[in-house]
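Residue strings, one per chain:
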Amino acid sequence: MSAFDGLNVSRETFERLKIYESLLHKWNPRINLVARSTLDSAWTRHILDSAQIYHLAPHPVAHWADLGSGGGFPGLVVAIMGMEAESPAAVTLVESDTRKCTFLRTVIREIGAPARVINDRIENLDPLQADVLSARALADLTTLLGFADQHLSKTGMAIFPKGESWAKELSDAERAWSFSHRVAKSKTETGPVILTVTGVARA
Ligand SMILES: C[S@@+](CC[C@H](N)C(=O)[O-])C[C@H]1O[C@@H](n2cnc3c(N)ncnc32)[C@H](O)[C@@H]1O
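Residues numbered from 1 in each chain as written. Predicted model: local features only at pLDDT ≥ 70, side-chain atom pairs only at ≥ 80, totals over all residues. Heavy atoms only, no water.

**Points about the overall build of the protein chain**
To keep it simple, the criterion reads: Think of it this way: any DSSP run of H or I at least four residues long counts as a helix, any run of E at least two long counts as a strand, and we number them from the N terminus. The globule rule used for comparison is 2.2 Å times the number of residues to the exponent 0.38, while the radius of gyration itself is calculated over C-alpha atoms. A 1.4 Å probe rolled over the protein chains alone gives each residue an accessible area, and that area as a share of the maximum for its type sets the label: buried under 20%, exposed over 50%, partly exposed in between. Any two residues having at least one pair of non-hydrogen atoms within 4.5 Å are treated as being in contact. Residue burial considers only the protein chains on display, and all accessible areas are found by Shrake-Rupley using a 1.4 Å probe. As used throughout, the charge tally considers Lys and Arg to be positive and Asp and Glu to be negative, leaving His and the chain termini uncounted. Every charge is mapped onto a representative atom, which is NZ of Lys, CZ of Arg, CG of Asp or CD of Glu.
The helix and strand inventory of the protein chain stands at 6 helices and 7 strands. For the protein chain, the succession of helices and strands along the chain, N to C, is α-α-β-α-β-α-β-β-α-β-α-β-β. Against the 2.2 N^0.38 benchmark of 17 Å for 203 residues, the protein chain shows a C-alpha radius of gyration of 16 Å, consistent with a compact globule. Seen along its three principal axes, the alpha-carbon backbone of the protein chain occupies a region of about 45 × 35 × 35 Å. A buried classification covers 53% of the 203 residues belonging to the protein chain. Long-range contacts, defined as pairs at least 24 residues apart, comprise 70% of the intrachain contacts of the protein chain with a sequence gap of at least 6. Carbon together with sulfur atoms contributes 49% to the accessible area of the protein chain, which is approximately 9,700 Å² in total. Side-chain charges of the protein chain comprise 22 positive and 23 negative groups, with the mean position of each set lying 3 Å from the other.

**As for the nonpolar core**
So the rule is basically this: What makes a nonpolar core is a set of buried Ala, Val, Leu, Ile, Met, Phe, Trp, Tyr and Cys residues whose side-chain atoms join them at distances within 4.5 Å.
Ranked by internal contacts, the top residues of the largest apolar core, which has 45 residues, are Leu7, Tyr20, Trp64, Leu76 and Phe103. Elements with a contribution of two residues or more to this core: α1 (11-27), α2 (42-55), α3 (75-81), β2 (90-94), α4 (98-111), β3 (115-118) and β5 (152-162). Considering every element that reaches this core, the biggest residue donor is α2, with 7 residues. With 26 residues, the next largest nonpolar core counts Val94, Leu128, Leu152 and Val200 among its residues.

**Quick notes on the pattern of salt bridges**
The test is simple: We define a salt bridge as a contact between a side-chain nitrogen of Lys or Arg and a carboxyl oxygen of Asp or Glu at a distance within 4 Å.
Summed over the entire model, instances satisfying the criterion amount to 9 salt bridges. Salt-bridge contacts for Arg11 lead to Glu15; the nearest nitrogen and oxygen are separated by 3.5 Å. On the criterion of helical spacing, the pair formed by Arg11 and Glu15 is a turn pair, its members being 4 residues apart in helix α1. A salt bridge links Asp172 to Lys168; the nearest nitrogen and oxygen atoms lie 2.8 Å apart. On the criterion of helical spacing, the pair formed by Asp172 and Lys168 is a turn pair, its members being 4 residues apart in helix α6 (residues 166-176). Through salt bridges with shared partners, a single network forms among Lys168, Asp172 and Arg175.

**Some remarks on the pairing of strand β4 (residues 130-134)**
Our working rule: Think of it this way: DSSP has to see at least two bridges between two strands before they count as a pair.
Among the 5 residues that make up β4, 4 are buried, leaving the element largely enclosed by the rest of the structure. Judged from the 3 bridges that link them, strand β1 (residues 63-67) and β4 form a sheet pairing that is parallel. From the neighbouring strand, Asp66 faces β4, where its bridge partner is Ser134. Strand direction decides the pairing type here: β4 and β5, joined by 4 bridges, are parallel.

**Re the packing of α1 against α4**
Selection rule: Whenever a helix is involved, its axis is fitted only over the stretch in contact; in every case the axis is a line through C-alpha atoms, and angles between N-to-C directions fall within 0 to 180 degrees. Left-handed describes a crossing whose near helix is turned anticlockwise from the far helix by less than a right angle; the clockwise case is right-handed.
Put simply, α1 and α4 touch, their axes get as near as 10 Å, and they point 150 degrees apart. Here α1 runs over α4; the crossing is right-handed. For the pair α1 and α4, contact is made by Arg16, Ile19, Tyr20, Leu23, Leu24 and Trp27 and by Thr102, Phe103, Thr106, Val107, Glu110 and Ile111, respectively.

**Quick word on the UniProt feature "binding site: S-adenosyl-L-methionine" (unreviewed entry) in the protein chain**
Formally: UniProt positions are given in the numbering used here, feature names are shortened, and annotations may be inferred rather than shown by experiment.
UniProt's entry tags Gly68, Phe73, Ile122, Glu123 and Arg136 with the feature "binding site: S-adenosyl-L-methionine" (unreviewed entry), counted in the numbering of this structure. Relative to the assigned elements, Gly68 resides in the loop between β1 and α3. Excluding residues within four positions of it along the chain, Gly68 makes contact with Val94, Glu95, Ile122, Arg136 and Leu138. Judged by its relative accessible area of 16%, Arg136 is buried. Once residues lying within four places of it in the same chain are set aside, the contact partners of Arg136 are Arg45, His46, Asp49, Gly68, Phe73, Pro74 and Pro161.

**A look at the packing of α1 against α2**
Here is the rule we go by: Working rule for angles: under 35 degrees goes down as roughly parallel, over 145 as roughly antiparallel, 65 to 115 as roughly perpendicular, anything else as oblique. Three classes are used: nonpolar for Ala, Val, Leu, Ile, Met, Phe, Trp, Tyr, Cys and Pro, charged for Asp, Glu, Lys and Arg, and polar for all others, with Gly counted as polar.
Running from amino to carboxyl end, α1 crosses α2 at an angle of 125 degrees, the nearest separation of the two axes being 11 Å. Judged on the interaxial angle alone, α2 and α1 are oblique. Viewed along their axes, α1 and α2 form a crossing whose handedness is right-handed. Seen from α1, the contacting residues are Phe14, Leu17, Lys18, Glu21, Leu24 and His25; seen from α2, they are Ala42, Trp43 and Ile47. Residue classes in the contact of α1 with α2 are distributed as 6 nonpolar, 1 polar and 2 charged.

Okay, structure coming up:
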């Protein structure tokens, strides 16, 4: 499979993602944006893995917020993929690490992506009122649902990729939160899933 297959995007979007990938390779030795062991397979492990999250959202989306973005996964991939259809129209990336924020702003500027970066802790922010909220490798589901309660609009959808312990996280979270969910299998790995969650409220 070539890098272009598996994505189902235009040549222009593909070229933008390739610029992002090359900046990731350039910056990663100085700032640990992704684990060094995953850099050689960054296209699959990070870019394709994030691209599948884009397709799970109910487009068109006005405001997408990505929490704990790190090197931009999935939020910056989502912002780049959405440029042609203008969905999402705006992306907010929240990241507490200042050096990672500098990287994110550099990629955004180079590509002209419709994203802004908030360099702060999630807990400090006023409600973002996002239509879609994503977070990859940030926290357990119970904690993530607390963030969704704070930052997702009432009719919004949260999208959380989860590892093999997802079923246990789900039953733990159901003790503290009431919500509806769907489970989609990851297309890039066997075992992990992507949870889409709506209607989050305290149980
Ligand atoms: C394990 S990394 C995952 C990064 C990215 N989402 C990914 O999947 O590659 C978690 C990121 O969340 C950031 N982070 C952790 N807690 C945070 C908080 N409370 N507010 C904002 N950022 C946070 C960390 O600085 C780190 O960059």
